[in-house]
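Residue-level listing of the chains:
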Amino acid sequence: MSGGWDAVVVGARVAGAATALLLARSGRKVLLIDRAAFPSDTMSTLYIHQPGVARLSEWGVLPALLDSGCPVLDTIDYEVGGVRLASPAPELPGAPAAFAPRRAVLDQLLVDAAVKAGVEFVDRANLQELVHTDGRVTGVRFRTAGGVRTEAARLVVGADGMRSKVAQLVGAPLEVSDPRASCVYYTGWAGISTGFGFHESPGNWIVRIPTHDDVTLISTYFPQDRFAEIRQDPFRHHLAAVRTTAPGLYQQLTEAEQVEPILGTGDQQNYFRRGHGPGWVLVGDAGHHLDTISARGITNGLLQAAFLAEELTDRVDDPAALARFTRRRDEELTEPYQSTLELARLTVTPARLRMLREIGESPELTARYFAVVAGMLGIDELFDDDGLDDDDDF
C-alpha cells in the first residue's frame, strides 16, 4: 500500500473538491479522485444560493467564477395564482448576488484551487474497494488507465454523490428518508432574456436559470406519480407546462433557439444518511440529498465542506469531531429539507396564496421572503413582528 494520506476524498464535484481544498489549506496531505474526466458537466440545477456564494468568496474562488463570464443573478421573481413577488436578490457579505455556473466551470475552479493548495488530483479513477484494518477504514483501492492503486489514509471522505459507492461499501444506513415527490426535465435556450425566477401552478413548478454563454435553462417539475407518463414524451409535457404556468415565458421560447436537448430524472431522492464512522465520513449528496426543486444541492455541498473542515481542528480522523460534523449537518439542513419536501408536493394552498399576497404588499417582506428562500433567514424570522400567521404554509 502506497501513499499515507491524511485524507482521500472520493468525488471531485462541489462537495469533494471544496473539502479537499479546505483540508489542504489546513495543512493536511490530501488525495482527491473522481471517476469522471475533468472538466465535465453533470446534471444539475446549477444555482448557488447566497450562503454558498459567500463561501466561494471566502475561499477566493468567486473572482475566477466572475472572470469565467458567469452571469450575475441580482434579481429574483416568483409568480403563482395571480400573485407576483419581485425583488433585488438578497445579499450577504461577499455574496452580492446568486450565480448559476456550468458545472464544468465551477467544479474545475474548485479542483484547480485544491491543486494549488497542494492536493493531488486523479480523474478517471474508479473506486474498487475500501481497505479496512481492525474494523476501521484505512484506505482505498481504485483503478486508473495505468492500473490499480492502493492508498492508505487516516480518513476517507465519501463525496461521490447520491449513489455513493463509499456509502454503499461502509453500509451507511438511511437515518431519515422520505418518498420521492417530484420529477424534473430541463432544456437550454438562447435568445431569451428573463432573469432568474420561478412560476408555480398546481402540479407544476417552472424555473428560469441564466447560465454561461447567454443560455437560459428552463426546468419543469411535475409530481412523481406522473413520471411514467411524462417520460413517454417529456418535451411535449415540458412545453405544455411552460405554456400553461408561464405563458409569457412560453411566448419567448417560440421565438428562441433551443440549444440543449431535454434531460431529466425521476430519481429525486430525499434522505439523511449516517454521516460518519471509523475512518470515514460522507459529505454532499453522499450523506444528504433532497429534491432539486429548491436548488439547494450545490449550496449544501459547499456548506458541508465548510462544516467538516471547521470541526476537524485536531486529528483528521477524530471521532468526536466527525460526530460534531454530522450533528451540525443535520441541525443546519433539516429546516430547508422540510421546506423542500413541502414545496415538492406541488400544491398551491389558499393559506400560502394569502400569505404571499400579504408579503407582496411590502418590499421589505418580499426581500425577507427571498432571504428565507436563499437560506439566509429561518422561516420563523419571516413572520417576526409583521402580523403574518406563521402557521400558514411556506
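Going by the structure above, here's the rest.
Let me begin by describing the structure that accompanies this report. Not measured: the values here are computed from a predicted model.

### Quick notes on the overall build of the chain
For the chain, the helix and strand inventory stands at 13 helices and 18 strands. Rg of the C-alpha trace for the chain: 21 Å, near the compact-globule value of 21 Å for 394 residues, within the 12% margin. Along the longest, intermediate and shortest principal axes, the C-alpha atoms of the chain span 65 × 45 × 40 Å. Out of the 394 residues belonging to the chain, those deemed buried represent 58%. Of the roughly 15,900 Å² that the chain leaves accessible, carbon and sulfur atoms contribute 48%. Looking at the chain, you have 37 positive and 54 negative side-chain charges, and the mean spots of the two groups are 8 Å apart.

### Describing the sheet that holds strand 9 (residues 174-178)
If you trace the 3 strands from one edge of the open sheet to the other, you get 9-15-18, paired in antiparallel fashion. Only two strands of the sheet have a single partner each, and these edge strands are strand 9 and strand 18 (288-289). Where strand 15 (residues 270-273) lies against strand 18, 2 bridges are found, and the strand directions are antiparallel. Bridging from a neighbouring strand, Y271 pairs with H289 of strand 18. Contacts between helix 10 (residues 319-344) and the sheet are confined to strand 9, strand 15 and strand 18, with strand 15 contributing the most and set at about 170° to the helix.

### Re the layout of surface pockets
The computed volume of the largest pocket comes to approximately 1,200 Å³. As for the largest pocket, its lining consists of 45 residues, and the residues nearest its centre are T42, M43, G161, M162 and D285. Of all the secondary structure elements, the ones that give two or more residues to the lining of the largest pocket are helix 1 (14-25), strand 6 (126-133), strand 10 (182-190), strand 13 (215-223) and helix 9 (297-311). For the lining of the largest pocket, the class distribution of residues is 18 nonpolar, 16 polar and 11 charged.

### A short note on empty space enclosed by the protein
Enumeration over the complete set of coordinates arrives at 1 cavity of 30 Å³ or more. Its volume calculated, the largest cavity comes out at about 50 Å³. Surrounding the largest cavity, Y47, H49, Q50, I76, P90, F196, F198, F370, V373 and A374 form its lining. Per-class residue counts for the lining of the largest cavity are 8 nonpolar, 2 polar and no charged.

### Overview of helix 12 (residues 363-373)
Every α-helical turn comprises 3.6 residues, leaving residues that sit three or four positions apart pointing alike. Those residues of helix 12 not exposed but buried are L365, T366, R368, Y369, F370, A371 and V372. Residues of helix 12 that are buried sit in contact with strand 3 (75-80), strand 4 (83-88), strand 11 (197-201), helix 11 (350-360) and helix 13 (379-382). The positive-phi residue at the C-terminal boundary of helix 12 is G375, with phi of around 85°.

### As for the nonpolar core
Within the largest apolar cluster, 50 residues are counted, with the highest numbers of intra-cluster contacts made by L32, L56, W59, L110, L302 and L312. Ranked by the residues each element gives to this core, the list is headed by helix 1, at 9 residues. Dropping the residues within four chain positions of it, L312 is found in contact with L23, R28, L155, A321 and L322. Counting 37 residues, the second largest nonpolar core, distinct from the first, contains V83, Y186, F196 and Y221.

### Looking at the sheet that holds strand 3
The mixed open sheet is built from 7 strands, whose spatial order is 4-3-11-12-13-10-14. Of all strands in the sheet, those bounded by a partner on one side alone are strand 4 and strand 14 (257-265). Here the average twist between neighbouring strands, direction ignored, is 15°. Along the sheet, helix 11 makes contact with strand 3, strand 4 and strand 11, crossing strand 4 at roughly 45°.

### Regarding the packing of helix 1 against helix 9
Two elements in contact, helix 1 and helix 9, have axes separated by 8 Å at closest approach and are oriented at 25°. For the element pair helix 1 / helix 9, the angle class is roughly parallel. Between helix 1 and helix 9 lies a crossing of right-handed hand. In this structure, helix 1 uses V14, A15, A18, T19 and L22 to contact helix 9, whose residues at the interface are I298, G301, L302, A305, A306, L308 and A309.

Rules used throughout
- Residues numbered from 1 in each chain as written.
- Predicted model: local features only at pLDDT ≥ 70, side-chain atom pairs only at ≥ 80, totals over all residues.
- Heavy atoms only, no water.
- Helix = DSSP H or I, 4+ residues; strand = E, 2+ residues; numbered from the N terminus.
- Rg over C-alpha atoms; globule rule 2.2 N^0.38 Å.
- Buried < 20%, exposed > 50% of the residue type's maximum accessible area, 1.4 Å probe, protein only.
- Areas by Shrake-Rupley, 256 points an atom, 1.4 Å probe, with all protein chains shown as cover.
- Lys, Arg positive; Asp, Glu negative; His and termini not counted.
- Charge placed at Lys NZ, Arg CZ, Asp CG, Glu CD.
- Pairing = 2+ DSSP bridges.
- Contact = heavy atoms within 4.5 Å.
- Axes fitted to C-alpha atoms, helices over the stretch in contact; angles between N-to-C directions.
- 1 Å grid on protein atoms, 1.4 Å probe; cavity = no way out; pocket = protein on both sides within 12 Å on 5 of 7 lines; lining within 4 Å.
- Points joined across faces, edges and corners; volume = space filled by probe spheres on them.
- Nonpolar A, V, L, I, M, F, W, Y, C, P; charged D, E, K, R; others polar.
- Core = buried A, V, L, I, M, F, W, Y, C linked by side-chain atoms within 4.5 Å.
- Parallel < 35°, antiparallel > 145°, perpendicular 65-115°, else oblique.
- Left-handed = near helix turned anticlockwise from the far one by under 90°.

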